[in-house]
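Notes for the structure review
Residue strings, one per chain:
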Amino acid sequence: MKRVVVGLSGGVDSSVAAYLLKEQGYEVIGLFMKNWHDDSVTISNECPWLEDSNDALLVAEKLGIPFQTVDLSEQYQEKIVDYMFSEYKKGRTPNPDVLCNREIKFDVFMKIALSLGADYVATGHYCRKGEIDVNGQPVYQLLAGVDGNKDQSYFLCQLSQEQLAKSLFPIGELTKPQVREIAAKMELITAEKKDSQGLCFIGKVRLPEFLQQQLQPKDGLIFEVDATNEIYNQKDINFDSIEEKLAFEAANIQYTPEVAKVVGKHQGAHYFTIGQRKGLNVGGTKEALFIIATDVETNTIYTGQGHNHPGLFKKALFVTQDEVHWIRPDLALANGQKMEVMARIRYRQELQKATLYQFENGMYVAFDEPQSAITQGQFVSWHIGDELIGSGVIS
């Protein structure tokens, strides 16, 4: 009998995942990960992890499976929280959820599970796993969840073949309403529970206050750049190579105060991210202001009016070679090769037509249509059909 450790988070998805595995004849163990200690920055006085671990325990009791809690807060602090602070400090915007899966759930947690004699680790992610044969070897595929509205394969875009080999995603074939229906029928306490928001396991955290613990507020200026500024009218340039053209398209425009006017003040450039609209507290503009660039060196924010402002759009992005990750190493590109794919630069974005260009120092992702708010530190994922084949950190 195969043994599976399920990461029970206290939510409905992982509860139903555990139930389905039991139905399929696995020996199931429920494990709750405690990843956060600092209650000083959680919103409201509820203690989310306590409530969640209690719900997870009740689900395990109902299903008649053994249950225990593991405290991974130290590893979480080191691998996720410290990383987030260092990224924000550099003026990049990290994605803790993607990292949490790569570094915690499918690494630290998986090792604990395997030490308990588990054959697999299962989570309540809306995605599926495929297996194909390549040159006589099994190769695992990360496939989109059947529920197009909830597909979470993007969050797993950094997993490896070794991690996928040991993973199960029991609810990938179901839609969210079906999952809730099963939970209700089984009278699981989590059936009606709202979906969790916020950082993977931190629960309800206010991001600026969370960041303020490490990154000191400092006053800076907010500038507005007019959409008709000649900085956006680059006449047709002749490039010597496709690499040169892509580098130009992926480059950030270097704004200076000379091309802009002061419209307000802020508390620190590192609290803000490209494409952000809320939290600027600048009024009196005809259309809403969107952040088009931040400069943590000079502590300056540049904005533009309206979501069609040319400063928001770029046709290409670059991933440095050490951050190019192939879930399917057998499909990896060699220097000078290219590949047509579908790609996305954020969770829930519709897939976009793009071409990958591999060069010695990294890979360009060139989109057919210019993309809004391409953000450094976030992940780009690339897909063929409903399979996610690779990803990288936007540099």
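Residues numbered from 1 in each chain as written. Predicted model: local features only at pLDDT ≥ 70, side-chain atom pairs only at ≥ 80, totals over all residues. Heavy atoms only, no water.

Quick notes on the nonpolar core
Our working rule: Throughout, nonpolar core names a set of buried Ala, Val, Leu, Ile, Met, Phe, Trp, Tyr and Cys residues whose side chains join them through atoms within 4.5 Å. The buried label goes to any residue with under 20% of its type's maximum accessible area, the exposed label to any with over 50%, and the partly exposed label to all in between, with areas taken from a 1.4 Å probe on protein chains only. We count a stretch as a helix when DSSP gives it H or I for four or more residues in a row; a strand needs E for two or more, and each element gets its number in order from the N terminus.
Core analysis: the biggest nonpolar cluster contains 51 residues, and Phe109 and Leu142 have the highest contact counts within it. Broken down by secondary-structure element, the contributors of at least two residues to this core are β2 (27-34), α3 (73-89), α4 (96-115), β6 (137-144), α7 (207-212), β10 (289-295) and β18 (387-393). If one sorts the elements of this core by residue count, α4 sits on top with 9 residues. Counting residues in each nonpolar core, the second largest holds 28 residues, with Ala17, Ala56, Ala122 and Ile171 among its members.

Considering the sheet that holds strand β8 (residues 220-224)
Let me state the cut-off plainly: Paired strands, in this sense, are two strands between which DSSP finds at least two bridges. Simply put, an axis is a line fit to the C-alpha atoms, just over the touching stretch for a helix, and the angle between two N-to-C directions goes from 0 to 180 degrees.
One open sheet holds the 4 strands; their spatial order is β9-β8-β11-β10, and the pairing between them is mixed. Both outer strands of the open sheet, β9 (261-266) and β10, are each paired with one neighbouring strand and no more. With direction set aside, neighbouring strand axes in the sheet form an average angle of 30°. As judged from the 4 bridges shared by β8 and strand β11 (residues 300-305), these two strands associate in the parallel manner.

Looking at the sheet that holds strand β3 (residues 67-71)
We apply this condition: Contact criterion: two residues are considered in contact whenever any of their non-hydrogen atoms come within 4.5 Å of each other.
Across the sheet, which stays open at both edges, the 5 strands sit in the order β3-β2-β1-β4-β7 with parallel pairing between neighbours. The open sheet terminates on both sides in strands that have one partner only, identified here as β3 and β7 (167-168). By the bridge criterion, 2 bridges tie strand β4 (residues 120-122) to β7 in an arrangement that is parallel. Bridged to Val121 within β7 is Ser167. Docked against the sheet, helix α1 (residues 12-23) engages β1 (3-7), β2, β4 and β7, running at close to 170° with respect to β1. Sitting on the sheet, α4 touches β1, β2, β3, β4 and β7, and the angle it makes with β2 is about 125°.

Regarding the confidence of the model for the protein chain
Condition: pLDDT: the predictor's confidence for each residue, scored from 0 to 100.
Looking at the protein chain as a whole, the pLDDT averages 92, with 93% of positions reaching at least 70. Here residues 198-203 scores under 50 on pLDDT; set against residues more than four positions off or in separate chains, the count is 24 contacts.

A word on the layout of surface pockets
To be explicit about the condition: Site definitions follow a grid-based scheme: protein atoms alone, a 1 Å grid, a 1.4 Å probe that fits but cannot get out for cavities, and for pockets an open set with protein on both sides within 12 Å along at least five of seven lines, plus lining residues having an atom within 4 Å of a point. Grid points are joined across faces, edges and corners, and a volume is the space filled by probe spheres set on the points.
Its boundaries defined by the atoms lining it, the second largest pocket holds a volume of some 990 Å³. Residue lining of the second largest pocket: 38 residues in total, with Ala251, Asn252, Ile253, Phe313 and Lys314 positioned closest to the centre. If you list the elements that add at least two residues to the lining of the second largest pocket, you get α8 (242-250), β10 and β12 (313-320). If one sorts the elements of the lining of the second largest pocket by residue count, β10 sits on top with 4 residues.

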